[in-house]
Every structure is written in C-alpha cells, then in structure tokens.
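Here's the letter readout for the chains.
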Amino acid sequence: MAAHFVALRFRLLLGTLQQSPWAIVALIMSVLGGLSLLGGTALAAIAVRALAPELGAALAVLGGAALVVVLTAIAVLVGTSDPLAPERFSLLPLRARQLRAGLLAAQVLEPWSVVAALALALWLIVWSTSPVALVAAVLALPIGVATVLLLARAGADLLARQLASKRARDAMAILLLLVILTAAFGIQLFASGLSGLADLAGAIGTAVSVLAWTPLGAAFDLPRAAADGAWLEAAAKLAIAIATIAIAWWGWGRLLGERLTNPIVLRGGGRVREGRVLDRMLPATPAGAIAARSIRYRRRDVRHLMNVIATLMIPVIIGGVHLAGLVRVEVDGAGIPADGLALLPLLMAIVAAAIVQIDVAYDNSAFAWHLLTGVRGSADRAGRLLGISIVYLPALVVTAVLATWASGRWELLPGSIGASVGTFLLVAGALLWLGALLPGDAPAPGANPLGRGSSGGVQSLAGLALTLPVLGTIGAPAIGLAIAAIWIPWLGWLSLAVGLVVGALGAWFGIRVGGATLDRRGPEVLAHVSKER
Amino acid sequence: MTHPTPPDAQHVPPALHLERLAKRFGPKVAVDGLTLTVPQGSMLGLVGPNGAGKTTTLSMATGLLRPDHGAAAVLGHDVWRDPAAAKARMGVLPDGVHLFDRLTGAELLRYNGLLRSLPEEEVARRSASLLEALGLADTGGTLVADYSAGMRKKIALASALIHAPRLLVLDEPFEAVDPVSGEAIRAILRDFVASGGTVVLSSHVMELVESLCDRVAVVADGRLIATGTLDEVRAGASLQERFVQMVGQQAQGGESLAWLRTS
C-alpha cells in the first residue's frame, strides 16, 4: 500500500515535468535552493561547533521547534492544493490506517521533508563535543525526524477543516505572509544585533529550557541531557517525545478517518459591494474597464492582495528597523545617513512594478475573454498599467512624504517622488512589454496563494534580468539625481522632472510596443498562462 | 425546424467557414484538415465522441488557439488575418475557461460590454435584461466565484451575447444548466436564429441537437465525417442511431464485461 502512494507521488511529479521544460528548470532551482539551505545549516553547525559549542544545545531546541512550526505552515498552505489530499481517496475502499501509512511514506519523500531530515542530521556536527552526546544524538535523530514530520502533518490536518472557508484561507495566507516578512527582517535584525547577544543569551536560555519540556522541543534536548549525565531528565524528555509522536500518530489517523467519510468542502465567501464609484471614476472604455477590474482584483483576490500588502510592508519594515537604529544600512562600506530614508519609496517602486510582468498569469485562462472580445493589446496594457498605478502611485507619494519627514529633510521630497514614480513607470513599462513575451507563472485562481508559481516562476528571473540594466541606464539619471540631492538639494527638482519624463517614456513604450507584441502573441500568451501546473 | 430562405451563396458569405483547419499537440493530431461551412441563419449542432477535436476546432475558429494550417472566417472576415472584424461579429461561450470570477455577475457583463467598446448606457440596459432573462437578476453582490456550475454557464453565455453578435459559437451551452434555464436558453437561441443570426453549438446530447438544430456536423478523430441538414445526416434513423453507426465501433458492450454481471 505504501509503495502505491510513493509511486503515485512520483508519477504526479513526472507528469508536471513532462508538461513543460520550465517545470524542469523550476525543479533544478528548488533542488539548488534546498542544497543552499543545507549548506547554510552545515556552515552554521560547523561555526557553532568551532566557535561557541556551548550554544549548540539551545540552538538545537530552537531550530527543531522552529522546523516543526515552519513545516506545519507549509503543510497547511500546500494542503489546499495537495494532490494527495485524503478526500481524493474517499471513494476507495481504504481504511484510515492504510491511508495514514501510505501518506506518511509519500510525505517522507517530499523534498521539504528530506531537507528537514538532512538538516537535523547535519546538526549532529554540534554534538561531536563528547562521545556520549554524539551517541545520544544519533539515537535521538529518528525521534526528532518523526516529531517534525508527524507533528507538522497532524497539526496541518487539524487546522484544515477550520480553514475551509475562503475568508479563513485568505486570512491565513495573509497572516503567514506577514510572519514570513517579519521573520525575514527579524533574522537580519538578529544577525546585525549580535553585539547585544550577551544580554539576549539569558532570555533565550530561559525560553529554551521551557521549550525543551514541551512536545515541540523535548526530542531535540535529549543529547544535551544525556551528555550532562542528567539521566532522569533525559528519561522524562524521552517519554515526552515518544508520547508526542504516539499522540500525533493516533490523532492524525482519527483526522484522516473523519476526512474519508466527511470530506472537507472548500466554502465560498460572502457578498461584496459593487463599487459604482470606481466605475464612475474611470472612463467607460476597454482600458478603463480593465483598470477597474484590476483595482477590484487587488482587493478581492487574495493573491493580488498579498502582493499589495507585501509591497506596502517593505518601507514599513525597513524604515522601522532603520529608525530604531538597530541596523545601519551601508553602501560601499560607508554608512548612509538617515537622509537615505528619503529613497525608501524607490525600493518600493521597483518591487511594485515587478508584478506587472506576470499580471496576465494571475488571470489564468480568463485571459481568453480578452482575446474573444478582440480588445487591442494597447488597451490591455494601458488598462493594467492604469489600474496598478492607481493603487501604487498614491502609496509611493505617501511613502515619499513619510520617509522624507522621517529623514528630517523636506528638501529631499521632490527627488524622492521623482525617482520613485519615474522608476515605477519605467520598470512597469519595460515589464508590460516583457510580459507579452514571457508571461511567467502565478498560482491558479482560488488555489493556495503561496503555493506553486507564487514566486512568478522561472520566467520572472528574466524580468529581473531586464529590470537591472534598465535601471542602470535609462533609470540612472532620475535615481542618480535623487541621490545627489542629499548633498546638492536643488538637484531633487531636476530628478522630479527627469523622473516624470522617463516614466512617461516607459509607460508609452509598454503600452505601444508591449501592446503590439500582445496583439501578435495573444494566443501563445493564453496557452502559456492557462497551462495546468 | 424551418429556417429563412437559404441565402444566395454567391453573394452572402457563410456565417462561419473553416478551411482545412489542422492542429497537432506534440505527436497527437487533434484536428486533421477539417473543412466546414455554416450558412447564415442556421443552427448547427457539432457532435462527436470525447476527444474528437470539437473544442480544439472551436478554439481555432474563435481566435483562441492558433491553427498549424488552414483558415477560419466569420461572415467573410478572416479570424486570423483580421481578428478585430471577425471577433466583433461573433459571440463565444468557451468551455473549460476561467471567468473573471472575482467580479459579480453584473460587473462581469459590464466588463465584457466595455471591452467590446459598447456605450455605457447600452451595456447597463442589456446586462439588466440578460440577467433577467437568464434568471440571474437576484444574484447582485455575489461573486461569480461563488456561483454554481450552471449559473457560471449562464453568465458566460450572457457575456457572449452582450454585443448582439451575428454568429454564436457555444461549446456545451447546456451542460450543468437546470431544465428551466435550459428552456430559457433554447428560446433565446431559437429567437436569435429566427431573426437571422447563426448558432454553432457542440453537445453530447443527440436528442437536444435533434430538437434544436437544423444542421449537424459529425466530427471524429479530428476529421469531419458527415455534415448537412438534420434529415440528410440522420437519413431516416434517429440521430443517436446514426451517430453510433458512424463513430461507435467500440460501443458494443457485450461479452468482454461479462464479469460485471452481478449474478
């Protein structure tokens, strides 16, 4: 039975690979990503072993518990589009017991399970301080791996039913996004704040000793307890760890049994307000209609909403960290004074414009209606640009005002606005054109918004490859003048003027050239974005 | 079913003309040199077994899928050389295609109407009467994503009708639609043809094609194997019988499934 599930898992993978050469490239990228994660873990383990072996035990507990939480979150998000969802087996004469064994076997071979198990194994390096610790660590390794995999899976399946409504799923996705963003910057904060580690060590020590008595951490504290010779403590923690695994195993079986007879049905959302204001504000033309739809989608479609939130979070997080004085942003070894804050909206502009390339990919096969109605490519491009600009340009200006205020130098405002608005329109224009050639990938409508394709797919790397040289050449004057304005303030006004001209040029290029490209390649774009992934 | 006097083929272009259309996906030939002419004022039923190439053919005829060879023309306008003219005259209900489903039904109709450059007041008037006729008038505020399968079919059909096309190409228009709405759709289509419009619809239900269409085209393995008026194609038998005769060698049932008999 287990062999069937494993074979099924690999057939599904092979199927996606045969569909498109891009899928193979994506697989190679994920393998490289996994390898780099493992490489990072190995380096960290070696560094801790060599430089601060006394930290190894605490980091093992923290890392193990974090792994459980992260894998649970991944399993929750993957769950909505899981090809091996328990419901799919509910018409087969299968018992929950058989299903549990089969799903576990298939899960052990999931790439992220393998990476987690290997990462735990690499942490053995830390325990090479004493033979007892090493032996205990080797013996505890399978317990740790089982804890991570089973707790994550049982936890995710426990949440699955609560997350069946569209609203709950959307909220969960946004929450997770915020956690990931905060964590990403938190790690940076932590890394650059290492000087204050001594104070932190005490607090972390307390947290770890509590965590080590919970199901999340007990399995990962066994080697330390054994190495310390605290056999009673080790035995107690072993009991906690084994009980955790047993309860997760039993509870997971119960959950699966329930899902076989009472499948989780994804529920829809509530009613929406039909925004007449938006329709009155925008012209009743094809481009106006596309812009209105684009704006409605930013609010109503969680995939778009997450992009908006992520973009708006960037200045908040970086600005906050910078203002708190915790991180010094450095360029070429020299610290930028707080004046540099005035350039924050520029970063936001580049991120906001990056999504333009894969905007059609989010439409998926609904893009067929643009082809059927015969709407011109230039109207399509203009409408999308208008909609996205109405969402982001005010945000850019507000961010510019706030960032300039925070920097304490109002004379930097024109440059800040000029560089960011100009760059936004320039990059968006270039990507409007590129998007008609390489439309990229996006999660399907209604699918897990952080799932497959949420990074834009491999083709979005081409977007980056185009963005950087465009910024470095055509975009350089406006950006350079805005930076120079820190020392020579009146150059900011020049930056504003240049930015508006360059932005207008970029928009014109995207609409005209991008539109003509889309007219030519419409059916090919449709074929790419509507492909099942 | 009667239809208006056949137009003079010399002067009036056919509503839809497909000329040796061909498409292959990798090693599989989906459509293999298919030629079909649909005269104006007719209602043609496109039938064929699963995988015969119906949807692929209709996609190539409507500008969604570029053919490897061949041409398609709507009322004399080439779909691939002059798409704007052809698409302006054609309304399409595609099968298996997402809708912009984070809009409400009324918003979706407005969207399609404006994409076709109709005046705003006209769009509002038409979409109100379409929602009424298809029984969707009381769904205001509900996203199309939360519609049932049948309701989605109806709102997609309304989107295909909003610009008052002269040719309708409908892929499985009655699938998942309840009997009452189905009757409403039939009445709309009959009225549309009676006023000189042309309908091409695909279906698997032979009785439906027999009761609704005056012309039939049978497709199998990407080729057209029969076409003509309903009576010419069914040749005295029922359409179901003729269809099985023409394409259904495998539909024997019989001994190979003997194990399925319960006693």
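For clarity, every value in this text was computed on a predicted model and none was experimentally measured.

(A) Spotlight on the overall build of chain B. Of the regular secondary structure elements, chain B holds 9 helices and 10 strands. Classification of the 263 residues of chain B by burial places 52% in the buried group. Within chain B, contacts between residues separated by at least 24 positions form 65% of all contacts whose residues are at least 6 apart in sequence. With the model as given, the accessible surface of chain B reaches about 11800 Å², and the carbon-plus-sulfur share is 53%.

(B) Inspection of the pairing of strand β1 (residues 16-25) of chain B at higher detail. Residue and element names in this part refer to chain B. Pairing geometry for β1 and strand β2 (residues 28-38), over 8 bridges, is antiparallel. Along β2, the bridge assignment pairs Leu-18 with Leu-36. In textbook terms, the turn of a hairpin is the stretch between consecutive antiparallel strands, and for β1 and β2 this stretch comprises 2 residues, one of which, Gly-26, has a positive phi near 60°. Both β1 and strand β4 (residues 69-74) contribute to a ladder of 5 bridges, which runs antiparallel.

(C) Inspection of the sheet that holds strand β5 (residues 77-78) of chain B at higher detail. All names here are of chain B. If you trace the 4 strands from one edge of the open sheet to the other, you get β2-β1-β4-β5, paired in antiparallel fashion. This sheet does not close on itself; its edge strands, each paired only once, are β2 and β5. Each of β1, β2 and β4 is contacted by helix α1 (residues 54-61), which is oriented at about 120° to β1, the strand it contacts most.

(D) Region of the structure containing the pattern of salt bridges. Residues and elements named next belong to chain B. Considering all chains together, one arrives at 32 salt bridges over all chains under this definition. Where Asp-95 meets Lys-153, a salt bridge forms, and the shortest distance between an N and an O atom there is 3.3 Å. Here Asp-95, found in the loop between β6 (90-93) and α3 (105-115), pairs with Lys-153, found in helix α5 (residues 149-161); they are 58 residues apart in sequence, far enough to count as distant.

(E) Main features of the interface of chain A and chain B. Every contact between the two is made by 42 residues of chain A and, on the other side, 35 residues of chain B. When chain A packs against chain B, the two sides together hide about 3400 Å² of surface, and 57% of this comes from carbon and sulfur. Linking chain A with chain B are 4 salt bridges. For A:Asp279, the salt bridge is made with B:Arg110, and the minimal N-O distance between the two is 3.4 Å. Counting across the chain A and chain B interface gives 15 residue pairs in polar contact (both at pLDDT 80 or more). Per element, the largest residue contribution to the side of chain A that touches chain B is 7 residues, and it comes from helix α12 (residues 286-300) of chain A.

(F) Quick peek at helix α17 (residues 377-407) of chain A. All names here are of chain A. A rise of 1.5 Å per residue sets the reference length of α17, with its 31 residues, at 45 Å; its end C-alpha atoms lie 42 Å apart and thus fit the reference within 8%. Most pronounced at Ser-389, the bend in α17 amounts to some 35°. Downstream of α17 by one or two residues, Gly-408 has phi in the positive range, about 80°.

(G) Quick look at the packing of aromatic side chains. If you walk through the whole model with that rule in mind, you get 6 aromatic pairs over all chains. Following the ring pairs from residue to residue traces out a cluster consisting of A:Tyr297, B:Phe100 and B:Tyr111. Stacked on the ring of A:Trp249, the Lys or Arg A:Arg100 has its end atom at 4.0 Å from the ring centre. In this structure, B:Arg186 packs its charged tip against the face of B:Phe174, placed 5.6 Å from the ring centre.

(H) Representation of the packing of helix α5 (residues 111-122) of chain A against helix α6 (residues 131-160) of chain A in the model. Residues and elements named next belong to chain A. Here α5 crosses α6 at 145°, and the two axes come no closer than 10 Å. Regarding α5 and α6, the two cross each other, and that crossing is right-handed. Counted together, Ser-113, Ala-116, Ala-117, Leu-120 and Ala-121 of α5 and Leu-141, Gly-144, Val-145, Val-148 and Leu-149 of α6 form the full contact between these two elements. Counted by class, the contact of α5 with α6 contains 8 nonpolar, 2 polar and no charged residues.

(I) Examining the packing of helix α14 (residues 344-354) of chain A against helix α18 (residues 413-437) of chain A more closely. Residue and element names in this part refer to chain A. Running from N to C, α14 and α18 cross one another at 15°; their axes reach a closest spacing of 8 Å. Judged by the inter-axis angle, α14 sits roughly parallel to α18. The handedness of the crossing between α14 and α18 comes out as right-handed. Residue-level contacts link Pro-345, Leu-346, Ala-349, Ile-350, Ala-352, Ala-353 and Ala-354 of α14 to Ser-416, Ala-419, Ser-420, Thr-423, Phe-424, Val-427, Ala-428 and Leu-431 of α18. Here the residues of the contact of α14 with α18 sort into 12 nonpolar, 3 polar and no charged.

(J) Focus on the environment of B:Asp221. Residue and element names in this part refer to chain B. Structurally, Asp-221 is set in the loop between β9 (215-220) and β10 (223-229). The class for Asp-221 is exposed, based on a relative accessible area of 61%. Considered as a pair, Asp-221 and Gly-48 are 173 residues apart in the sequence and their alpha carbons are 8.7 Å apart. The residues contacting Asp-221, other than those within four sequence positions of it, are Asp-32 and Ala-52.

(K) Summary view of the confidence of the model for chain B. Residues and elements named next belong to chain B. With 93% of its residues at a pLDDT of at least 70, chain B reaches an overall mean of 86. Helix α9 (residues 239-247) is the least confidently modelled element of chain B, averaging 85 in pLDDT, while β6 averages 93, the highest of any element. Confidence over residues 1-7 falls short of pLDDT 50; this stretch has 9 contacts with residues more than four positions distant or in other chains.

(L) Quick peek at the sheet that holds strand β3 (residues 43-47) of chain B. Residues and elements named next belong to chain B. Taken together, the 6 strands give an open sheet; going across it, the order is β6-β7-β8-β3-β9-β10, and neighbouring strands pair in mixed fashion. Edge positions in the open sheet fall to β6 and β10, since each of these has one partner strand only. Each strand axis lies, on average, 15° off the axis of its neighbour in the sheet, ignoring direction. Against the sheet, α5 touches β6 and β7 (167-171), its axis set at about 170° to β6. Its contacts with the sheet put helix α6 (residues 179-194) on β3, β7 and β8 (198-202), and the angle it makes with β8 is roughly 140°.

(M) Structural context of the nonpolar core. Core analysis: the largest hydrophobic core is formed by 102 residues, its most contacted members being B:Ile155, B:Leu189, B:Val199, B:Leu201 and B:Val218. The dominant element in this core, judged by the number of residues it contributes, is α5(B), at 6 residues. Setting aside anything within four residues of it in sequence, one finds B:Leu201 in contact with B:Met43, B:Leu44, B:Gly45, B:Leu46, B:Leu170, B:Pro173, B:Phe174, B:Leu189, B:Leu212 and B:Cys213. Of all hydrophobic cores here, the second largest spans 29 residues; its members include A:Val308, A:Ala352, A:Ala400 and A:Phe424.

(N) Structural view of the pairing of β7(B). Residue and element names in this part refer to chain B. The buried count for β7 comes to 5 of 5 residues, which makes it a mostly enclosed element. Burial of β7 is two-sided: the residues Leu-167, Val-169 and Asp-171 facing one way and the residues Leu-168 and Leu-170 facing the other way are all buried. As paired elements, β6 and β7 share 4 bridges and run parallel to each other. Its bridge partner lying in β7, Gly-91 is registered against Leu-168. The sheet contact formed by β7 and β8 spans 5 bridges and is parallel. Looking at β8, one finds that Val-169 is bridged to Val-200. Chirality of the crossover, the property in question, places the unit of β7, α6 and β8 among those that are right-handed.

Calculation notes
Residues numbered from 1 in each chain as written. Chains lettered and ligands numbered in written order. Predicted model: local features only at pLDDT ≥ 70, side-chain atom pairs only at ≥ 80, totals over all residues. Heavy atoms only, no water. Helix = DSSP H or I, 4+ residues; strand = E, 2+ residues; numbered from the N terminus. Buried < 20%, exposed > 50% of the residue type's maximum accessible area, 1.4 Å probe, protein only. Contact = heavy atoms within 4.5 Å. Areas by Shrake-Rupley, 256 points an atom, 1.4 Å probe, with all protein chains shown as cover. Pairing = 2+ DSSP bridges. Axes fitted to C-alpha atoms, helices over the stretch in contact; angles between N-to-C directions. Salt bridge = Lys/Arg side-chain N within 4 Å of Asp/Glu carboxyl O. Buried area = accessible area lost by both parts, 1.4 Å probe. Polar contact = N/O pair within 3.5 Å; in protein donor to acceptor, adjacent residues only side chain to side chain. Expected span 1.5 Å × (residues − 1). Bend = angle between axes of the 7 residues up to and from the residue. Phe/Tyr/Trp six-rings, centres within 6.5 Å; stacked < 30°, edge-to-face > 60°. Lys NZ or Arg CZ within 6 Å of the ring centre and 35° of its normal. Left-handed = near helix turned anticlockwise from the far one by under 90°. Nonpolar A, V, L, I, M, F, W, Y, C, P; charged D, E, K, R; others polar. Parallel < 35°, antiparallel > 145°, perpendicular 65-115°, else oblique. pLDDT = per-residue confidence, 0-100. Core = buried A, V, L, I, M, F, W, Y, C linked by side-chain atoms within 4.5 Å. Right-handed = clockwise from strand over helix to strand, strands pointing away.

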